[in-house]
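# Descriptive analysis of the structure
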Amino acid sequence: MARILTSLVARGLVAHASVSDEYVAVSPGVALGVELAERRERLQRAELAVEDLVETYRLGSMGRAQRDLVEMVEGRDAVRSRYVQLQLSARHSIEVFVTGDAQVVGPENTRESTVLRRGVRLRAVIDQRFLSAPHNGDQLDESLADGVQVRTVKEVPLKLIVCDGEVAMLPLHGRGADVNPSLVLRGGLVNVARSLFDVVWERARPYGATGMDIDAMDASVLRLLLAGLTDAAVAGQLGLSSRTVQRRIQALMVRAGVNTRMQLGWHVRHHGWA
């Protein structure tokens, strides 16, 4: 009997009376509540352990190729490093969508010139916000001189890089979202990204097919106009006044023998002016 009472005391089910040698039962709400709480805690720990085992089994039962189809990249520094790594790993082609808000990769840390020197073909679709930003026109001229093929649209669907048609990187949350976190895609998933690029490339306007019949400033004016920028935006990009831009356009219309800007655009395309 003494052994049983000692066990019940240890479990908190009975208590030793303070004024006698008798034992009294503890309130079930107190006694059993503590035991139930301990059991719930043990059960939760067991459930977490089972979840860990299930995840370990799932990963272990998948082939490495399956696990690598989608890679999550988190942290702005990690996204920047992964983007640059993809650029440097390209063997024959890189295709990119470029927006106006460079978040982690800009001119100062891109490896565009390095891969171009290796003979990698680089195609870029840029949106009008990029062209409107200060000095981006100069950056584009340098890219064109290096051999980058550039086209423009009003707005690209999202930030994107596709390397060799085998690996792609894009923001997890799509257009207009922060690039952190980003997804790196491989396998069949890359075909979706590549198809999206091809569709946008086909409907985009060519930018910067340099002609020899006009001076460099007029060529820049025409390229920006054909990309959809207003006279004021062109002036801001090139460091000119709006009146100077308009005078240059009028002079080009006279030289081309046309009466409207639409006709000038047709002439530019067919005579390689810009």
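Here the structure is shown first, and the text comes after it.
The structure displayed is predicted, hence computed values, not measured ones.

Attention now goes to the overall build of the chain. A count of helices and strands for the chain gives twelve helices and ten strands. Expressed as a percentage of its 274 residues, the buried residues of the chain come to 38%. In the chain, 66% of the contacts between residues at least 6 apart in sequence involve partners at least 24 apart. Carbon and sulfur atoms make up 55% of the accessible area of the chain, which totals about 16,100 Å².

On to unusual backbone geometry, then. Between N180 and P181 the backbone carries a cis peptide bond, its omega angle lying at 5°. Phi is positive for D164, close to 60°, though the residue is something other than glycine. Mapped onto the secondary structure, D164 falls in the loop between β7 (160–163) and β8 (167–171).

A few words on the side chain of T152. Examined against the element boundaries, T152 turns out to sit in strand β6 (residues 149–153). You can call T152 buried: its relative accessible area is 2%. Those residues in contact with T152 that lie beyond four places of it in its chain are I126, L131, A204, R205, Y207 and A227.

Looking now at the nonpolar core. If you look at the biggest cluster of nonpolar residues, it comprises 46 residues, and the most contacted ones within it are I94, L122, L131, I161, Y207 and L264. A total of six residues in this core trace back to one element, the largest contributor, which is helix α9 (residues 216–226). In this structure L122 touches I94, V96, E112, V115, L116, V148 and Q149, once residues within four positions along its chain are discounted. In terms of nonpolar packing, the next biggest core, distinct from the first, is built from 17 residues, V153, V156, L158 and L160 among them.

Our focus in this paragraph is the packing of helix α10 (residues 231–238) against helix α11 (residues 242–256). Two numbers describe how α10 lies on α11: the axes approach to 8 Å, and their chain directions differ by 105°. For the element pair α10 / α11, the angle class is roughly perpendicular. Between α10 and α11, the residues in contact are D231, A232, V234 and A235 and S242, V245, Q246 and I249, respectively. Class assignment of the residues belonging to the contact of α10 with α11 gives a composition of five nonpolar, two polar and one charged.

Moving on, we come to the pairing of strand β5 (residues 121–127). Within β5, six of the seven residues are buried, which leaves it mostly tucked inside the rest of the structure. With six bridges connecting them, strand β4 (residues 93–98) and β5 associate as parallel partners. When the sheet's bridge partners are listed, F97 is paired in β5 with V125. Pairing between β5 and β6: five bridges, direction parallel. Within β6, the position partnered with A124 by the bridge is V150.

Reading guide: rules and limits
Residues numbered from 1 in each chain as written. Predicted model: local features only at pLDDT ≥ 70, side-chain atom pairs only at ≥ 80, totals over all residues. Heavy atoms only, no water. Helix = DSSP H or I, 4+ residues; strand = E, 2+ residues; numbered from the N terminus. Buried < 20%, exposed > 50% of the residue type's maximum accessible area, 1.4 Å probe, protein only. Contact = heavy atoms within 4.5 Å. Areas by Shrake-Rupley, 256 points an atom, 1.4 Å probe, with all protein chains shown as cover. Core = buried A, V, L, I, M, F, W, Y, C linked by side-chain atoms within 4.5 Å. Axes fitted to C-alpha atoms, helices over the stretch in contact; angles between N-to-C directions. Parallel < 35°, antiparallel > 145°, perpendicular 65-115°, else oblique. Nonpolar A, V, L, I, M, F, W, Y, C, P; charged D, E, K, R; others polar. Pairing = 2+ DSSP bridges.

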